[in-house]
Amino acid sequence: MGAVGLLAGCAPVTPPKPRPSHSPSAAPEVPATWDELANAITGTLARPGDDAYDSARLVQNPRFDDAKPLGVLTAASSEDVAIGLAFAAAKAVPLALRSGGHSYTGWSSGGADGTDMPPALVIDTRGMTD
């Protein structure tokens, strides 16, 4: 293949069209209590004593089945995530972020023994697809 053949592979490529940017909405109102947090989101919040808590707190690795997070916010939208983050920041609540639940080190468990992580609010985004 000559130089012409090599240069043919260098034909200009049309750049992809820019994706519409997501304009951030106004900062979410910060819930004052755990109950207000539960009512402010479209997902769910499981707290100790709730029926859903024992299953919501578990991650893939059974090594961390002893985790007792302060709550597990199962986010249904980016707004749920923003509300959870704002609540944790305002109340100085430790955070654990979970997207797959496969954390080998247990950091997404929300405070399991052996992780050196305090009990935390887990924000679980596993069900989000957008």
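Shown above is the structure to which this text applies.
Residues numbered from 1 in each chain as written. Predicted model: local features only at pLDDT ≥ 70, side-chain atom pairs only at ≥ 80, totals over all residues. Heavy atoms only, no water.

S.K.: Please give an account of the overall build of the chain that cites residues and values.
M.R.: Within the chain one finds four helices and four strands. Listed N to C, the secondary structure of the chain is α-α-β-α-β-α-β-β in terms of helices and strands. The buried share among the 130 residues of the chain stands at 33%. (Helix = DSSP H or I, 4+ residues; strand = E, 2+ residues; numbered from the N terminus. Buried < 20%, exposed > 50% of the residue type's maximum accessible area, 1.4 Å probe, protein only.)

S.K.: How would you explain the packing of aromatic side chains if you had to name every residue and give the values?
M.R.: Taken as a whole, this structure holds one aromatic pair when the rule is applied. Here the guanidinium or amino end of Arg-47 rests over the ring plane of Trp-34, the centre of that ring lying 4.1 Å away. Here the basic side chain of Arg-63 rests over the ring of Tyr-104, its NZ or CZ set 5.6 Å away from the ring centre. (Phe/Tyr/Trp six-rings, centres within 6.5 Å; stacked < 30°, edge-to-face > 60°. Lys NZ or Arg CZ within 6 Å of the ring centre and 35° of its normal.)

S.K.: I'd like a description of the pattern of salt bridges, backed by residues and values.
M.R.: Within the structure shown, the criterion is met by three salt bridges. When the shortest N-O distance is used, the salt bridge between Asp-124 and Arg-98 registers 3.5 Å. One end of the pair, Asp-124, is in strand 4 (residues 121-124); the other, Arg-98, is in strand 3 (residues 95-98), and 26 residues separate them in sequence. A single burial state applies to Asp-124 and to Arg-98, both of which are buried. Between Arg-126 and Asp-124 there is a salt bridge, with its nearest N and O atoms 2.8 Å apart. In the salt-bridge network here, residues are joined through shared partners; they are Arg-98, Asp-124 and Arg-126. (Salt bridge = Lys/Arg side-chain N within 4 Å of Asp/Glu carboxyl O.)

S.K.: Before we move on, can you summarise unusual backbone geometry with the specific residues and values?
M.R.: One non-glycine residue, Ala-92, lies in positive phi territory at about 55°. Take Ala-92: its relative accessible area is 68%, and that puts it in the exposed class. The phi torsion at Asp-116 lies on the positive side, around 60°, for a residue other than glycine. Along the polypeptide, Asp-116 turns up in the loop between strand 3 and strand 4.

S.K.: Before we move on, could you go through a nonpolar patch on the surface and cite the residues and values that matter?
M.R.: A grouping of Leu-85, Leu-95 and Leu-97 is seen on the molecular surface, where their side chains present a nonpolar patch of about 260 Å² in accessible area. Accessibility expressed as a relative area gives 58% for Leu-97, which makes it exposed. (Patch = residues over 30% accessible without salt bridge, like charges linked within 9 Å, V, L, I, M, F, W, Y side chains within 5 Å. Areas by Shrake-Rupley, 256 points an atom, 1.4 Å probe, with all protein chains shown as cover.)

S.K.: Outline the pairing of strand 3, supporting the account with residue identities and numerical values.
M.R.: Burial of the side chains of strand 3 is restricted to one face: Ala-96 and Arg-98 are buried, whereas none of Leu-95 and Leu-97 on the reverse face is. Taken together, the four bridges between strand 3 and strand 4 define a ladder with parallel strand orientation. What sits directly across from Leu-95, in strand 4, is Leu-121. (Pairing = 2+ DSSP bridges.)

Note that every value here comes from positions in space, so none of it alone points to a role or purpose.
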